[in-house]
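What the coordinates show
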Protein chains: 2
Amino acid sequence: MGGTDQARGTTRSPNETDANDNGGGVTRNLPSDGLINLDHGDPTMYEAFWRKMGDKCTVVIKGYEHLSYFSTNKNPCWFLEPKLEDSIRSLHGAVGNAETDGYTIVVGTGSSQLLQAVLYALAPQDQPDPINVVSAAPFYSSYPETTNIVRSGVYKWAGDAHGFDKDEPYIEFVTSPNNPNGVIRGPVVNRDGGFVVYDLAYYWPQYTPITSSLDFDIMLFTASKCTGHAGSRIGWALVKDKEVAKKMITFVVASSIGVSKESQLRVAKILQVVADGCKRFGSSDGDNLFEYGRNVLAKRWEILRETVKNTQMFTLPKYPLQHCNYNGDLTQAHPAFAWIKCKDGMEECEKVFKGVKILVRSGRRFGSDPGYARVSMMGKDEEFNGLIERLSSVIQICNNDD
Amino acid sequence: MGGTDQARGTTRSPNETDANDNGGGVTRNLPSDGLINLDHGDPTMYEAFWRKMGDKCTVVIKGYEHLSYFSTNKNPCWFLEPKLEDSIRSLHGAVGNAETDGYTIVVGTGSSQLLQAVLYALAPQDQPDPINVVSAAPFYSSYPETTNIVRSGVYKWAGDAHGFDKDEPYIEFVTSPNNPNGVIRGPVVNRDGGFVVYDLAYYWPQYTPITSSLDFDIMLFTASKCTGHAGSRIGWALVKDKEVAKKMITFVVASSIGVSKESQLRVAKILQVVADGCKRFGSSDGDNLFEYGRNVLAKRWEILRETVKNTQMFTLPKYPLQHCNYNGDLTQAHPAFAWIKCKDGMEECEKVFKGVKILVRSGRRFGSDPGYARVSMMGKDEEFNGLIERLSSVIQICNNDD
């Protein structure tokens, strides 16, 4: 990395200051492209699929429709559109990734709101001390900030579940496949007085083999990562215990008096189209979202692995081959994020990327090592191609400099 | 009310148990209609107006549109749809109820989410004790529960602003016109170390004379009560201080990673149609929402006052005649809620209504006297007509019993 300072000195322009601040600085020989933001998991790779679907998912809403706060009087979750509930049950049934019989469905403004609703529902309200909230590192970077944002007296972030040794009640978030590293996980604390909440945002066939239909007590999903409709802010929880579900509903009411009807109705239509299409494999219509997603991600992972192999600079996780009940073959995971480790002795991984004007999220944000960074694999083609191009340049420069 | 027990004894059926529990019980001679829910402020009276508008506000969203979390990179509120921002500024300009020049607009999932965002933004994060949150009774019934739901360590509900005598920092919610009683209000604490937040959900010409274009530091609005689109969950804050706005944005991101794009785009279209139509008075098209709303509410208030006058059982607030800058004439308020007081010595006002199967909200919920109840005036015609019919029956029965 001997060229770092020189490169940094020659390529800065006023507009690039932010991008290059603290950057690894290896920007010579790169096209003068702008910043590529792969920090967020913005699932825009799905846009091409939905374009191809044409008008199948077009929604039309007239000015006089859906004025009321209420969606149904037949459900304790009175703000849940019945069509969305039907589509959710239909989709899980078609994919076989989660049971829905006997579960109450609670809809939220993204699964972010449901995370907080779950904490509120599970935390005892009558205790002097807040309940501990843990997750095994590397954990989803939003858990600590969402848990602690208003310094709740009923729950508090208590860090990495691996290090949790207090003899106190706790709530453990189990993200599976895990964000950031794509690994299938189970709880690690496994003690009395604990609640386990499964965050299954990525438990869909494009990302990972579906090995069983899960039936945990509380399971969270989101349209953002299932179909790519992140802008709609629709998440749902499958909740076994009716009382827990009721408390979650109380939270969503206090927090936002329900959830956008427009988003619910649109996502209802989209999930139903996905459910209908997902039983057809290799169809010439190409209307199987999961097949599309898996093809795109598999190809991207192949290219990324090839690029990374050309150097000793980075390493990527490996995933086992497993039988996927959904598509019936042996497959490995193609996660939504690449959890990239820079080789030992290199500077912070996030900075290396910043040096080539790619924003990624430092391992530190996930309770892990800054030698790691999380890179979104769900961007548009041009973003992914830019990533590969710039990574190749880093490799070339660094190899030349060695 | 001598007939209460007899009536209760004769009219119960298994299906009516909930409605009659603790009820005043004066249900004889009433049509056997179901429960009328005027507890919530569900603004369904606007449906008829929007039906008349036909396709003017129809939105069409294709499956591939608005997948991203992001709406703009030109605004710190990156999840705010530019079209919604334009419509909000355009509408306030057309109505003249609030200044927008120099204000940052923060969009929220209803103004409920923005209330919490404001608390987070204003509360000092580095203090051992939470800041006091107050509002003058009768105050909006959601303030206490929304403030205290997760027992925040940075803010806590401290009750009626009239009784706040601590020499400590505070945040005062000023609801104007007030929910529940429709009165125009200002802050009551008026001490150093205080923040004032204006909740202006009802500061629109159908409810109250617009006497000036307000320019307070923080002003909250919601589509729910402006246009009737409560199901869309769109609120907005006009915020003078950019740093406060940034913290509010941080809260909305942590809480729900932004706000439904579908709702924003639909409300953008609706607000623009309202802004365009609201400069035409007495138009044969009848496309002025505020004129429509005022006509409906004025008529309903007239009928309600007439009904109430026929007895000594209830009293209603009186509102002064004021010059409305928006429509240029002398007018009085026609609030979204009737704040009804039962005559002294009567049982709890809420129970009197429950006795005729009308759900209303007890004065107690607003930090006030159970001799009062809040009754929504924004329901559909059949709900309002049912209210009048049943109130007339109560009056008749009680007068006969005297």
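Quick notes on the rules
Residues numbered from 1 in each chain as written. Chains lettered and ligands numbered in written order. Predicted model: local features only at pLDDT ≥ 70, side-chain atom pairs only at ≥ 80, totals over all residues. Heavy atoms only, no water. Contact = heavy atoms within 4.5 Å. Buried area = accessible area lost by both parts, 1.4 Å probe. Salt bridge = Lys/Arg side-chain N within 4 Å of Asp/Glu carboxyl O. Polar contact = N/O pair within 3.5 Å; in protein donor to acceptor, adjacent residues only side chain to side chain. Helix = DSSP H or I, 4+ residues; strand = E, 2+ residues; numbered from the N terminus. Least-squares fit on C-alpha atoms with pLDDT ≥ 70 in both. Pairing = 2+ DSSP bridges. Axes fitted to C-alpha atoms, helices over the stretch in contact; angles between N-to-C directions. Buried < 20%, exposed > 50% of the residue type's maximum accessible area, 1.4 Å probe, protein only. Phe/Tyr/Trp six-rings, centres within 6.5 Å; stacked < 30°, edge-to-face > 60°. Lys NZ or Arg CZ within 6 Å of the ring centre and 35° of its normal. Expected span 1.5 Å × (residues − 1). 1 Å grid on protein atoms, 1.4 Å probe; cavity = no way out; pocket = protein on both sides within 12 Å on 5 of 7 lines; lining within 4 Å. Points joined across faces, edges and corners; volume = space filled by probe spheres on them. Parallel < 35°, antiparallel > 145°, perpendicular 65-115°, else oblique. Left-handed = near helix turned anticlockwise from the far one by under 90°. Nonpolar A, V, L, I, M, F, W, Y, C, P; charged D, E, K, R; others polar. pLDDT = per-residue confidence, 0-100.

Here's the deal with the interface of chain A and chain B
Counting from both sides, the interface comprises 63 residues of chain A and, opposite them, 63 residues of chain B. Both faces considered, chain A and chain B share a buried interface measuring about 5200 Å² in area, 54% of it formed by carbon and sulfur atoms. Looking at the side of chain A facing chain B, the largest losses of area belong to L67(A), Y69(A) and R151(A), adding up to 14% of the total buried there. Our count for the contact surface shared by chain A and chain B stands at four salt bridges. Of the charged contacts, one joins E262(B) and R266(A) as a salt bridge, the two residues approaching to 2.7 Å between their closest N and O atoms. On the surface where chain A and chain B come into contact, there are 54 residue pairs in polar contact (both at pLDDT 80 or more). Where the side of chain A that touches chain B is concerned, the elements lending two or more residues are α3 (47-52), β2 (59-61), α5 (110-122), α7 (223-226), α8 (242-256) and α9 (261-277) of chain A. The biggest single contributor to the side of chain A that touches chain B is α8(A), with five residues.

Thoughts on the relation of the copies chain A and chain B
Structural alignment of chain A on chain B gives an RMSD of 0.0 Å, achieved by rotating through 180 degrees and translating 0.0 Å along the axis. A rotation of that kind, with that shift, is consistent with a two-fold axis. With an isologous cut-off of 70% or more, the 100% of interface residues of chain A that recur at the interface of chain B puts this contact in the isologous class.

A few points about the sheet that holds strand β5 (residues 155-160) of chain B
Residue and element names in this part refer to chain B. The sheet built from seven strands is open, its strands ordered β3-β9-β8-β7-β6-β4-β5 with mixed pairing. Edge positions in the sheet fall to β3 (104-109) and β5, since each has one partner strand and no second. Neighbour-to-neighbour, the strand axes of this sheet turn through a mean angle of 25 degrees, independent of strand direction. In this structure, strand β8 (residues 218-222) lies alongside strand β9 (residues 234-239), joined through five bridges in antiparallel fashion. Looking at the pairing, M219 lines up with L238 of β9. Of the strands in this sheet, β3, β4 (131-135), β5, β6 (170-175), β7 (194-199), β8 and β9 touch helix α5 (residues 110-122), which is tilted by about 120 degrees from β3.

Notes on the pattern of salt bridges
Residues and elements named next belong to chain A. On inspection of all chains with the given rule, the structure shows 26 salt bridges over all chains. Across the salt bridge formed by E47 and R51, the nearest N and O atoms sit 3.2 Å from each other. Residue E47 and its partner R51 are both found in helix α3; the two are separated by four residues, about one turn of the helix. For R51, a relative accessible area of 46% gives the class partly exposed. In this structure, R300 and D381 form a salt bridge, with 2.9 Å as the shortest nitrogen-oxygen distance. Taken together, the residues R300 in helix α10 (residues 289-309) and D381 in helix α12 (residues 381-401) connect sequence positions 81 residues apart.

Regarding the packing of aromatic side chains
Aromatic ring pairs are defined here through the distance separating the ring centres and the angle between the ring planes. Going through the model one piece at a time under the given rule, you end up with 44 aromatic pairs over all chains. When the ring of F70(B) is compared with that of W78(B), the centres are 4.7 Å apart and the planes differ by 45 degrees; the resulting orientation is tilted. Owing to a relative accessible area of 30%, F70(B) belongs among the partly exposed residues under this scheme. Between R374(A) and the ring centre of F337(A), over which it is positioned, the NZ or CZ distance is 3.7 Å.

Quick word on α5(B)
With 13 residues, α5(B) should reach 18 Å at 1.5 Å per residue; the first-to-last C-alpha distance of 19 Å fits that figure. Within α5(B), 13 of the 13 residues are buried, which leaves it mostly tucked inside the rest of the structure.

Topic: the layout of surface pockets
Considering only enclosed or pocket space, the largest pocket measures out at about 1300 Å³ in volume. Lining the largest pocket are 48 residues, with Y69(A), F70(A), W78(A), I257(A) and H40(B) sitting closest to its centre. When residues of the lining of the largest pocket are traced back to their parent elements, those giving at least two are α8 of chain A together with α5, α6 (142-148), α7 (223-226) and β16 (372-376) of chain B.

Focus: empty space enclosed by the protein
If a probe the size of a water molecule is rolled over the atoms, the empty space left behind becomes visible. Here the structure, examined in full by the defined rule, presents four cavities of 30 Å³ or more. Quantified by volume, the largest cavity comes out at close to 130 Å³. Considering the residues around the largest cavity, the lining is formed by 14 residues, among which Q116(A), V150(A), Q116(B), V150(B) and F251(B) are closest to the centre. For the lining of the largest cavity, the secondary structure elements donating two or more residues are α6 (142-148) and α8 of chain A together with α8 (242-256) of chain B.

Some remarks on the packing of α5(B) against α8(B)
All names here are of chain B. The N-to-C vectors of α5 and α8 enclose an angle of 125 degrees; their axes lie 8 Å apart at closest approach. For the element pair α5 / α8, the angle class is oblique. Of the two possible hands of crossing, α5 and α8 adopt the one that is right-handed. Contacts from Q113, L114, Q116, A117, V118, Y120, A121 and L122 of α5 reach α8 at V244, K247, M248, T250, F251, V252, S255 and S256. Residues of the contact of α5 with α8, tallied by class, amount to ten nonpolar, five polar and one charged.

Considering the sheet that holds strand β5 (residues 155-160) of chain A
Residues and elements named next belong to chain A. The mixed open sheet is built from seven strands, whose spatial order is β3-β9-β8-β7-β6-β4-β5. The outermost strands of the open sheet, each flanked by one partner alone, are β3 (104-109) and β5. Looking at each pair of strands side by side, their axes are set apart by 25 degrees on average, direction ignored. Bridge analysis of β3 against strand β9 (residues 234-239) gives six bridges, and the strand direction is antiparallel. By the bridge assignment for β9, V106 is matched with A237.

A look at the confidence of the model for chain A
Residues and elements named next belong to chain A. Mean pLDDT over chain A: 90, with 90% of residues reaching 70 or higher. Within the model, pLDDT remains below 50 along residues 1-32, and this stretch shows 54 contacts once partners closer than five positions in the same chain are excluded. Of the two predicted TM-score estimates for the complex, the pTM is 0.91 and the ipTM is 0.91.

Thoughts on the side chain of E262(A)
Among the structural elements, E262(A) can be located in helix α9. When sequence neighbours within four positions are dropped, the list of residues in contact with E262(A) reads I61(A), G231(B), S232(B), E262(B), S263(B) and R266(B).

A short note on the side chain of T307(A)
For T307(A), the position within the fold is in helix α10. A polar atom in the side chain of T307(A) sits 2.7 Å from the backbone oxygen of I303(A).

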